[in-house]
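Chain by chain, the residues:
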Amino acid sequence: VSLRFDTVSFLSDYGRSDEFVGVVTSVIVDMAPGVRVIDLTHDVAPFDVRAGSLALARAIPYVPRGVVLAVVDPGVGTSRRCIAVEVAGGEGVFVGPDNGLLAAGVALTGGAERAVSLDRVEFHLESPGATFAGRDVFAPVVARLCLGVDLAELGTLIDPAGILPGVVPLPREESGALIVEVTWVDRFGNCQLNVSPEDVASWGRVVRVVLDDPVGGQPLVRAVPVVSTFAEIGTGLGLVVDSCGMLALAADRRSAAAELGLGAGTGVRLEPGGSSDGVDVRLGPPRVRE
Amino acid sequence: VSLRFDTVSFLSDYGRSDEFVGVVTSVIVDMAPGVRVIDLTHDVAPFDVRAGSLALARAIPYVPRGVVLAVVDPGVGTSRRCIAVEVAGGEGVFVGPDNGLLAAGVALTGGAERAVSLDRVEFHLESPGATFAGRDVFAPVVARLCLGVDLAELGTLIDPAGILPGVVPLPREESGALIVEVTWVDRFGNCQLNVSPEDVASWGRVVRVVLDDPVGGQPLVRAVPVVSTFAEIGTGLGLVVDSCGMLALAADRRSAAAELGLGAGTGVRLEPGGSSDGVDVRLGPPRVRE
Amino acid sequence: VSLRFDTVSFLSDYGRSDEFVGVVTSVIVDMAPGVRVIDLTHDVAPFDVRAGSLALARAIPYVPRGVVLAVVDPGVGTSRRCIAVEVAGGEGVFVGPDNGLLAAGVALTGGAERAVSLDRVEFHLESPGATFAGRDVFAPVVARLCLGVDLAELGTLIDPAGILPGVVPLPREESGALIVEVTWVDRFGNCQLNVSPEDVASWGRVVRVVLDDPVGGQPLVRAVPVVSTFAEIGTGLGLVVDSCGMLALAADRRSAAAELGLGAGTGVRLEPGGSSDGVDVRLGPPRVRE
């Protein structure tokens, strides 16, 4: 079979403990046998559209030409739309729910050029229940896109401007400090912040990290170095320039998230660093777990 | 190489924390290079033949033509047989232990037509130990099936009627109520029951769910709606028609299993619903966690 | 595209909860589209080079001809070298950090024949940060190896003898006993020891297992049988000849690791078994959990 797309990059909150991912993959390759499915991740926290959106955005610069299937879909079966969005002169198509999940990925590839609401049920699987759109709606549509069916045949064309935007948290200034947020805690406990090295470049190589309300702890202040590798951090904490080019609060071979009780969404205050010796500084109260 | 089957759908309780799945896959594709291996799931609870059997049954309507390899095998290395079972006029072959794991899947594809006991060791890998039949027995047999070796060459033909059946829990009636069971708790905490919407259709749109002995709690009675989507449930609980067409005790964007302390195998009583307003009703004792 | 290698076997400590594995895979197949990536495992404990090395060694006899990519890399971004090591007359190439991770795998395939330090940055991806060598250094090098680029073009040739060796724990004798170590606890709780059946063959079919300092417990002595299958163990513990041909302290359908509080690295003393009846023997103190 000649294919228009031979690669599907697949992200979801399905986990791997059930057969969901295997079934969606089965439907796709059964209809479009030559297609390769790359699993980006399926361990997005259940229902966490924002986390899924951010993981998709981090991966998208590296995924091959083809279809991107993303499913984090707490509104499955309701009136939220299922959509397909064409980008990059037809070199890529995003497929998923219209709930903000796809927005950042679409934007990073140049923005939506055409979009459809996937409302032509003759392209879906007949189903005994409405709770598994990945299997019944998205997978058969993805397969048909790979086989060369044009986007416009799969549903009603919609205004790309009407697609639900994602919510991207922005840092804000407050009397010389930056109020930022943990956007992602990775497997190693590194805490990505929504701030880049450029944003704090004028402060020098040391930044004060303030946690006003750490989980189960006293307010915490640390002066930490801005570094390029985990090893430079030494025994304390550091702000490492991570693989996305953002600052991540990190420790060397230990979990900064576990030590500080941080999770996605936790607020963090950054201030120009007083001391420049890279040594940890703490004000007053006893340190939290370390 | 010309292949008789180019797809292997693979389910097990191997988990992904060890290299078991990767090694089995390596053996298959090393012997039969063009084959695609679809991972259905490998996170069946260790030794849980029934859970594996049910996951296989849920997936099987969607897997492509080819070989189905299923391994949940607490009796590995003992006299329990390793078998291969041909179905659907030769369009599919199930491979795995003869311990009930394959039964439901085989039945859903029309029943066993030919079967062999995989007792021809010349088709197995030589092995330093007898504990990894997936690698040493099943994988090389799967590869040879893909390469076109006939079932009958791989072992001794056995009577398909002698294959160990699966144990499928059936609901039973008791003075107007249905005594059912949780067959599966998925990643999102939805609790599939062994009962379909048709079984309670005469009761109307509200069903009383009775847990006589919830984990760490008082008996619990709830009147819940029968619905098609999670969103219709609202803030309480509901019985949603799930993607298999069964009723699942569920909550909207929360885990019903965690709230009620339910797991696979928990017994549940269903009764015709008294109130029809869809509001939760509770008799007497304080509610369990919510 | 004609490929020199069409298979990449991939092991890491990236986990699957983030998109790391998907991104590395994306980079490889985007550059070398026909390549198949086999995931050996990605759940090596974070930073645990030894555990990764052992998992790789267990898998390596079964992986197909091609490239082996292994990444457990706590020193990412520092002066530790990134290397590629050719083995088996060019039939295989190992790619990863030079920190001991690759050593056992390389040795099992006959030893390093050529090796390079991956210092030619024109073959790497440009990157906003130095923390993700899997994506930026290893993946593009792996792709080029698959496409036929010679090892020597990818970096500076180094002396294979200078590659960091792995640390393999060896058993030692002590007044007639063997002091061994748990090398691996698998998903089922089986505890592989660094000792083979041959090492205790002269002791007969019963071995005394002594835990001098179990987690949270009293010293423990058990006389256990040496067996070939889990089922032969019965209700107690046994030393089963595992799939690598090593002895593993195991229980039948239960987790020996959980019962005894064992983990990788725990020391265990083996002594000739006094009683030969296979019954558990305990000296003095109450048994730990069972």
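Just above, that's the structure.
Rules used in this analysis
- Residues numbered from 1 in each chain as written.
- Chains lettered and ligands numbered in written order.
- Predicted model: local features only at pLDDT ≥ 70, side-chain atom pairs only at ≥ 80, totals over all residues.
- Heavy atoms only, no water.
- Helix = DSSP H or I, 4+ residues; strand = E, 2+ residues; numbered from the N terminus.
- Buried < 20%, exposed > 50% of the residue type's maximum accessible area, 1.4 Å probe, protein only.
- Contact = heavy atoms within 4.5 Å.
- Areas by Shrake-Rupley, 256 points an atom, 1.4 Å probe, with all protein chains shown as cover.
- Lys, Arg positive; Asp, Glu negative; His and termini not counted.
- Charge placed at Lys NZ, Arg CZ, Asp CG, Glu CD.
- Phe/Tyr/Trp six-rings, centres within 6.5 Å; stacked < 30°, edge-to-face > 60°.
- Least-squares fit on C-alpha atoms with pLDDT ≥ 70 in both.
- Buried area = accessible area lost by both parts, 1.4 Å probe.
- Salt bridge = Lys/Arg side-chain N within 4 Å of Asp/Glu carboxyl O.
- Polar contact = N/O pair within 3.5 Å; in protein donor to acceptor, adjacent residues only side chain to side chain.
- Pairing = 2+ DSSP bridges.
- Axes fitted to C-alpha atoms, helices over the stretch in contact; angles between N-to-C directions.
- Left-handed = near helix turned anticlockwise from the far one by under 90°.
- Nonpolar A, V, L, I, M, F, W, Y, C, P; charged D, E, K, R; others polar.

Help me understand the overall build of chain A in this model?
Across its full length, chain A carries five helices and 15 strands. Across the 290 residues in chain A, those meeting the buried criterion constitute 58%. If you take every contact in chain A between residues at least 6 apart in sequence, the share linking residues at least 24 apart comes to 68%. For chain A, the accessible surface area stands at approximately 10,700 Å², while carbon and sulfur atoms represent 53% of it. One way to put it: in chain A the 23 positive side-chain charges average out to a point 4 Å from where the 36 negative ones average out.

What exactly am I supposed to notice about the packing of aromatic side chains here?
Both the distance between ring centres and the angle between the ring planes are used here to describe each pair of aromatic rings. Under the counting rule described, the total for this entry stands at 21 aromatic pairs over all chains. Arranged with centres 5.4 Å apart and planes meeting at 75°, the rings of Phe20(A) and Phe132(A) form a pair that is edge-to-face. Pair noted here: Phe20(A) is in helix H1 (residues 20–31) and Phe132(A) is in the loop between strand S6 (114–117) and helix H4 (133–147), with a separation of 112 residues, a long-range link. Residue Phe20(A) shares its accessibility class with Phe132(A), and that shared class is buried. Each ring, one from Phe20(B) and one from Phe188(C), has its centre 6.3 Å from the other, and the planes form 40°; the classification is tilted. Highlighted residues: Phe20(B) in helix H1 (residues 20–31) and Phe188(C) in the loop between strand S9 (177–185) and strand S10 (191–193), drawn from two different chains.

Whenever I open this one, the relation of the copies chain A and chain B confuses me. Can you help?
Aligned on chain B, chain A shows an RMSD of 0.0 Å; the corresponding rotation is 120° and the shift along the axis is 0.0 Å. Within this description, the copies of the chain are treated as partners about a three-fold rotation axis. A distinct binding surface is used by each copy, with only 5% of the interface residues of chain A retained as interface residues in chain B.

Mind showing me how you'd approach the interface of chain A and chain B here?
Taken together, the contacts link 37 residues of chain A with 31 residues of chain B. For the pairing of chain A and chain B, the buried interface totals around 2,600 Å² over both sides, and the portion due to carbon and sulfur atoms is 58%. For the chain A face of the interface with chain B, the top three residues by lost area are Glu19(A), Phe47(A) and Thr131(A), together amounting to 22%. Between chain A and chain B we count one salt bridge in total. When the shortest N-O distance is used, the salt bridge between Arg58(B) and Glu19(A) registers 2.7 Å. There are twelve residue pairs in polar contact (both at pLDDT 80 or more) connecting chain A and chain B. Of all the elements in the fold, those that place two or more residues in the side of chain A that touches chain B are H1 and H4 of chain A.

What exactly am I supposed to notice about the sheet that holds strand S5 (residues 92–97) of chain B here?
Through backbone hydrogen bonds, the strands of a sheet pair up, either in parallel or in antiparallel fashion. Residue and element names in this part refer to chain B. As summarised here, the arrangement of the seven strands in space is S2-S1-S3-S5-S4-S6-S7, forming an open sheet in which the pairing is mixed. One side of each edge strand has no neighbouring strand; the edge strands of this open sheet are strand S2 (36–41) and strand S7 (156–158). The mean angle between the axes of side-by-side strands here comes to 25°, regardless of whether they run parallel or antiparallel. Here three bridges tie strand S6 (residues 114–117) to S7, and the two strands are oriented antiparallel to one another. What sits directly across from Val116, in S7, is Leu157. In the packing of helix H2 (residues 49–59) onto the sheet, the strands contacted are strand S1 (7–12), S2, strand S3 (66–71) and S5, and the crossing angle to S1 comes to about 150°.

Could you clarify how one ought to interpret the packing of helix H1 (residues 20–31) of chain C against helix H4 (residues 133–147) of chain C in this entry?
If you want to describe how two helices pack, look at the angle between their axes and the distance between the axes. Residues and elements named next belong to chain C. Running from N to C, H1 and H4 point in directions that differ by 35°, and their axes come no closer than 8 Å. Note that H1 runs across H4; the crossing there is right-handed. Taken together, the residues of H4 that come into contact with H1 (itself represented by Val23, Val24, Val27, Ile28 and Met31) are Gly134, Arg135, Ala139, Pro140, Val142, Ala143, Arg144 and Leu147. In terms of residue class, the contact of H1 with H4 is built from ten nonpolar, one polar and two charged.

Hey, could you run me through the relation of the copies chain C and chain A in this one?
For these two chains of identical sequence, chain C goes onto chain A by a turn of 120° and a shift of 0.0 Å along the axis, with RMSD 0.0 Å. An asymmetric contact is evident, with only 5% of the interface residues of chain C recurring at the interface of chain A.

Explanation requested: the environment of Leu56(C) in the structure shown.
Residue and element names in this part refer to chain C. Relative to the helices and strands, Leu56 is located in helix H2 (residues 49–59). Assessed through its relative accessible area of 0%, Leu56 is described here as buried. Distance in space between the C-alpha atoms of Leu56 and Ala70 is 7.9 Å, their sequence separation being 14 residues.

What should I look at first to understand the sheet that holds strand S2 (residues 36–41) of chain A in this one?
Residue and element names in this part refer to chain A. Ordered in space as S2-S1-S3-S5-S4-S6-S7, the seven strands form an open sheet in which the pairing is mixed. Here the strands that pair on one side only, and so sit at the sheet edges, are S2 and strand S7 (156–158). This sheet shows a mean twist of 25° between the axes of neighbouring strands, independent of strand direction. Inspection of the sheet shows strand S3 (residues 66–71) paired to strand S5 (residues 92–97) by four bridges, in the parallel sense.

Sorry, what's going on with the pairing of strand S15 (residues 267–272) of chain C here?
Regular strands have side chains that alternate between both faces of the sheet. Residues and elements named next belong to chain C. Relative to S15, S9 is paired through four bridges, and the arrangement is antiparallel. If you follow Glu181 over to S15, its bridge partner there is Gly267. As defined by bridge partners, strand S11 (residues 206–211) adjoins S15 across four bridges and the pair is classed as antiparallel. Paired with Arg208 across the bridge in S15 is Glu271.

What is the right way to read the interface of chain C and chain A from this model?
Where the parts come together, the accessible area they lose is often given as the size of the interface. Counting residues at the interface gives 37 residues for chain C and 31 residues for chain A. Summed over both sides, the interface of chain C with chain A buries roughly 2,700 Å², with 58% coming from carbon and sulfur. By the criterion of area lost to chain A, the three top residues of chain C are Glu19(C), Phe47(C) and Thr131(C), representing 22% of everything that side buries. The interface formed by chain C and chain A contains one salt bridge. At the junction of chain C with chain A, the criterion picks out twelve residue pairs in polar contact (both at pLDDT 80 or more). Where the side of chain C that touches chain A is concerned, the elements lending two or more residues are H1 and H4 of chain C. Looking at which element gives the most residues to the side of chain C that touches chain A, the answer is H1(C), with eight residues.

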